[in-house]
Amino acid sequence: MRRILVVGSGGAGKSTLARQLGERLALPVIHLDRHYWQPGWVAVDPARWRATVDRLAAGDAWVMDGNYGSTLDLRLPRADLLVLCDLPRLVCLWAAVRRRWRYRATGRPDLHPGCPERLQTAFLRWILSYPGRPRAHLLAAVAVHAPRLTVVRLRSRREVRRWLASVSGH
């Protein structure tokens, strides 16, 4: 495993799992949010965004976290493994609220400086809707762009811990 995509709902623990995988496997970690959001929560231009993701995904080895459905066609064919953090909605909502509180003064390490942690209604709605349309879009993209890609679907914090413990860097 040299190229691992970590995707899932907001609050599912994608960034944390990506960091842990990177440490365990000695792979560079790419947090897509850090590249997409500029200071003040300004999104990168769509053409520039695709070029950035294409460049990042072309790397020899990485653990990449983030959904960004508009770039799945660039990332999925290059991945060796897709890890889907598919935790229950309420678990994700609670984690998002806790994360907002935790990083209220310092900002998250996986975000660009100048993007303070926040909770917005649209984000909370997205978390609640994730098991429907966003997850279906992801699985459809896998079927089209990387039908042979191994997918690990983790449905609880316990499954995440057990799976991570089974991953070896050797």
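Everything discussed here concerns the structure shown above.
Being a predicted model, the structure only gives us computed values, none of them experimental.

Asks: Before we go on, may I ask you to explain a positive patch on the surface in this structure?
Replies: The grouping of Arg-98, Arg-102, Arg-157, Arg-158, Arg-161 and Arg-162 at the surface amounts to a positive patch. When residues of the positive patch are traced back to their parent elements, those giving at least two are α5 (89–102) and α8 (157–166). Positionally, Arg-161 belongs in helix α8.

Asks: What is the right way to look at α8 in this model?
Replies: The complete set of buried residues in α8 reads Val-160, Trp-163 and Leu-164. Taken down its axis, α8 places every buried residue within 100° of arc, on the same side. In α8, the exposed positions that point more than 90 degrees away from the buried face belong to Arg-158, Arg-161, Arg-162, Ala-165 and Ser-166. Summarising the contacts, the buried residues of α8 are in contact with α1 (14–25), β6 (81–85) and β7 (150–154).

Asks: Any chance you could explain the sheet that holds strand β5 (residues 62–65) here in plain terms?
Replies: Adjacent strands of a sheet pair through backbone hydrogen bonds, lying either parallel or antiparallel. The sheet built from five strands is open, its strands ordered β2-β5-β1-β6-β7 with parallel pairing. The open sheet has two edge strands with one neighbour each: β2 (29–31) and β7. If you compare each strand with its neighbour and ignore which way they point, the axes differ by 20° on average. Examined bridge by bridge, β2 and β5 share three bridges and lie parallel to one another. Bridging across to β5, Ile-30 finds its partner in Met-64.

Asks: What is the right way to look at the layout of surface pockets in this model?
Replies: Leftover empty space is mapped by rolling, across the atoms, a probe with the size of a water molecule. Reported here for the largest pocket is a volume of approximately 1300 Å³. In terms of lining, the largest pocket is formed by 44 residues, of which the most central are Gly-10, Gly-11, Lys-14, Arg-99 and Phe-123. Every element with two or more residues in the lining of the largest pocket is listed here: α1, α5, α6 (121–129), α7 (133–145) and α8. Per element, the largest residue contribution to the lining of the largest pocket is six residues, and it comes from α1. Looking at the lining of the largest pocket residue by residue, the class counts come to 19 nonpolar, 12 polar and 13 charged.

Definitions and cut-offs
- Residues numbered from 1 in each chain as written.
- Predicted model: local features only at pLDDT ≥ 70, side-chain atom pairs only at ≥ 80, totals over all residues.
- Heavy atoms only, no water.
- Patch = residues over 30% accessible without salt bridge, like charges linked within 9 Å, V, L, I, M, F, W, Y side chains within 5 Å.
- Areas by Shrake-Rupley, 256 points an atom, 1.4 Å probe, with all protein chains shown as cover.
- Salt bridge = Lys/Arg side-chain N within 4 Å of Asp/Glu carboxyl O.
- Lys, Arg positive; Asp, Glu negative; His and termini not counted.
- Charge placed at Lys NZ, Arg CZ, Asp CG, Glu CD.
- Helix = DSSP H or I, 4+ residues; strand = E, 2+ residues; numbered from the N terminus.
- Buried < 20%, exposed > 50% of the residue type's maximum accessible area, 1.4 Å probe, protein only.
- Arc of directions from axis to C-beta.
- Contact = heavy atoms within 4.5 Å.
- Pairing = 2+ DSSP bridges.
- Axes fitted to C-alpha atoms, helices over the stretch in contact; angles between N-to-C directions.
- 1 Å grid on protein atoms, 1.4 Å probe; cavity = no way out; pocket = protein on both sides within 12 Å on 5 of 7 lines; lining within 4 Å.
- Points joined across faces, edges and corners; volume = space filled by probe spheres on them.
- Nonpolar A, V, L, I, M, F, W, Y, C, P; charged D, E, K, R; others polar.

Keep in mind that these numbers describe shape and distance, not what the molecule does.
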